[in-house]
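# Descriptive analysis of the structure
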Amino acid sequence: TLLHEELAGDEIIVVSNREPYMHARTGKGIEVQRPASGLVTAVEPVMRACSGTWVAHGSGSADRDTVDRNDRVPVPPTNPSYTLRRVWLTKEEEQGYYYGFANEGLWPLCHIAHVRPVFRSSDWEQYVEVNQRFADAVIKEARTDDPVVLVQDYHFALLPRMVREVLPKATIITFWHIPWPNPESFGICPWREELLEGLLGSTILGFHTPFHCKNFLETVDRYLETRIEHEASTISYGGKLTQVESYPISIAWPESSPERPSVADCRAQIRQELGLSADHLLGIGVDRLDYTKGIVERFQAVERMLEMYPALVGRFTMVQIAAPTRSSLDEYQNFEARVRSLVQRINNRFGNGSYQPVILKAEHHSSEQVDRYYRAADVCLVTSLHDGMNLVAKEFIASRDDERGVLILSQFTGAARELHEALIINPYHIEQGAESLYRALTMPEIEQRERMRSMRSLVRDFNIYRWAGRMLLDAARLRQRERISSKIR
Ligand code: G6P
């Protein structure tokens, strides 16, 4: 494949917090689960294509029962093609590093969703500690002195530098899956310099959009003494050069499979399961139950639409699939309570015994189940208040081989920079959301087709292999340059 050419036999190691496969003990024995994570959706097919080792937190209840002496397990379980190396964390480590610093600190810091970040010294200490433990695992897994290490996301801002110190010849590609905020916003973090220095251990630092790259360069400019070449988008710090580039992430284009139910079957079956008539209008939302996703604003837009267009009362239903996430944190519990009470209020107001305008399915769904909903829907709503890319938008498009269905997309997602034929909205503007929803539900078939066709060809071409391929190609060029200059030296 293309990826093999770009890797040219180099050793590849991925490191992320979330693992691609979790083994869970259930009533029926050990079951394999795929976590709801945009990162996993995107990176997993890349790993399948180029093998190597993926280092991640072992978090499933039966994870320890499936690994060998070295904490390794071959995956995918049904057709192994690479190695998953699990790292175990104590309760305290998980609390401080993952729940605390990563998800109460960095997550709200980088997503401007008006949730205040919390910074505790004790969380920071665990974050440093756990970054070191993962760095040690990467170093231990490395068989050569110059592996290609793909570092994923905000859980590991310090790890690039830690790996660089031991493996100076490694090519470290760090990808930040969430937005990077402006310098003022980032600057409230008490450990801003340490985080920036850690990230500058990377050879390449990737973001989804040029805007996030610009924010990063400005942040570094503000808080560190470095040399920045704005034209070339490089930062030189402590004698080391980091290339800052945008690589919009994507998905693997689905292969056609005889087992996949047709759009007509999905439409009919889902409506039947929900007790709706065959021509009932259906909206779908698929998110982790996270306060950045704009779920409250989305439901408010539904409510407003029903208010403005009473003819749609009884004819339209919004189905929200919401995978539970980080639910031990207060912010997430409060958010879930808010969402539930809003759903109840809207259903009381516009529903009756048999009709509920909003159906909330707050549980984990497999990708096959989600695909059926995508295919059954008339409109998909992606209303994030802020989002690095948002792969639900791309998954919905990829699922619609009938070239029907409308995508409503928040202007604050990375995806809105690419998917111009979606109905782009400001999720904070409830009236606009309501009007767009109405427009989507009444959009002529021919217009749906034109928009869908154009977005489908974009997502098909700019798929996840392109994302990885571009990063690996850039890395290969830098490696080549490094080899030549070290010979000259
Ligand atoms: C976002 C983050 C990922 C994370 C995912 C799921 O997409 O960028 O790093 O894996 O959310 O969140 P979780 O905390 O369950 O891994």
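Look a little higher up for the structure.
Residues numbered from 1 in each chain as written. Predicted model: local features only at pLDDT ≥ 70, side-chain atom pairs only at ≥ 80, totals over all residues.

## Some points on the overall build of the protein chain
The helix and strand inventory of the protein chain stands at 17 helices and 18 strands. A globule of 489 residues ought to have a C-alpha radius of gyration of about 23 Å, and the protein chain, at 23 Å, matches this closely. Each of the three principal axes of the protein chain carries a C-alpha extent, and together these read 75 × 50 × 45 Å. Residues counted as buried form 48% of the 489 residues belonging to the protein chain. Considering only contacts in the protein chain between residues 6 or more positions apart, those separated by 24 or more positions represent 77%. (Helix = DSSP H or I, 4+ residues; strand = E, 2+ residues; numbered from the N terminus. Rg over C-alpha atoms; globule rule 2.2 N^0.38 Å. Buried ≥ 20, exposed ≤ 12 C-beta atoms within 10 Å, placed from the backbone. Contact = placed C-beta atoms within 7 Å.)

## What about the nonpolar core?
Within the largest apolar cluster, 134 residues are counted, with the highest numbers of intra-cluster contacts made by Val 15, Val 55, Phe 134, Val 149, Ala 393, Leu 407 and Ile 408. For this core, the element with the most residues is helix H4 (residues 91-110), which contributes eight residues. Discounting chain neighbours no more than four positions away, the residues touching Val 55 are Ile 13, Val 14, Val 15, Arg 85, Val 87, Phe 134, Ala 137, Val 138 and Glu 141. (Core = buried A, V, L, I, M, F, W, Y, C linked by C-beta atoms within 7 Å.)

## Observations regarding the packing of helix H10 (residues 263-273) against helix H13 (residues 367-376)
Following both chains from N to C, one finds H10 and H13 inclined at 100 degrees, their axes separated by 8 Å at the closest point. Between H10 and H13, the angle falls in the class roughly perpendicular. Together, Val 263, Cys 266, Arg 267, Ile 270 and Arg 271 of H10 and Arg 372, Tyr 373, Arg 375 and Ala 376 of H13 make up the contact between the two elements. (Axes fitted to C-alpha atoms, helices over the stretch in contact; angles between N-to-C directions. Parallel < 35°, antiparallel > 145°, perpendicular 65-115°, else oblique.)

## Notes on the sheet that holds strand S15 (residues 358-361)
The strand order across the open sheet formed by six strands is S15-S14-S13-S16-S17-S18, and the pairing between neighbours is parallel. Bordering the open sheet on either side are S15 and strand S18 (423-425), each of which pairs with just one other strand. Strand-to-strand, the axes of this sheet are offset by a mean angle of 20 degrees, without reference to chain direction. Looking at chain direction, strand S16 (residues 379-382) and strand S17 (residues 406-410) are connected through four bridges and run parallel. Note that in S17 the partner of Val 379 across the bridge is Val 406. Here helix H14 (residues 391-399) sits on the sheet in contact with strand S13 (281-288), S16 and S17, set at roughly 170 degrees to S17. (Pairing = 2+ DSSP bridges.)

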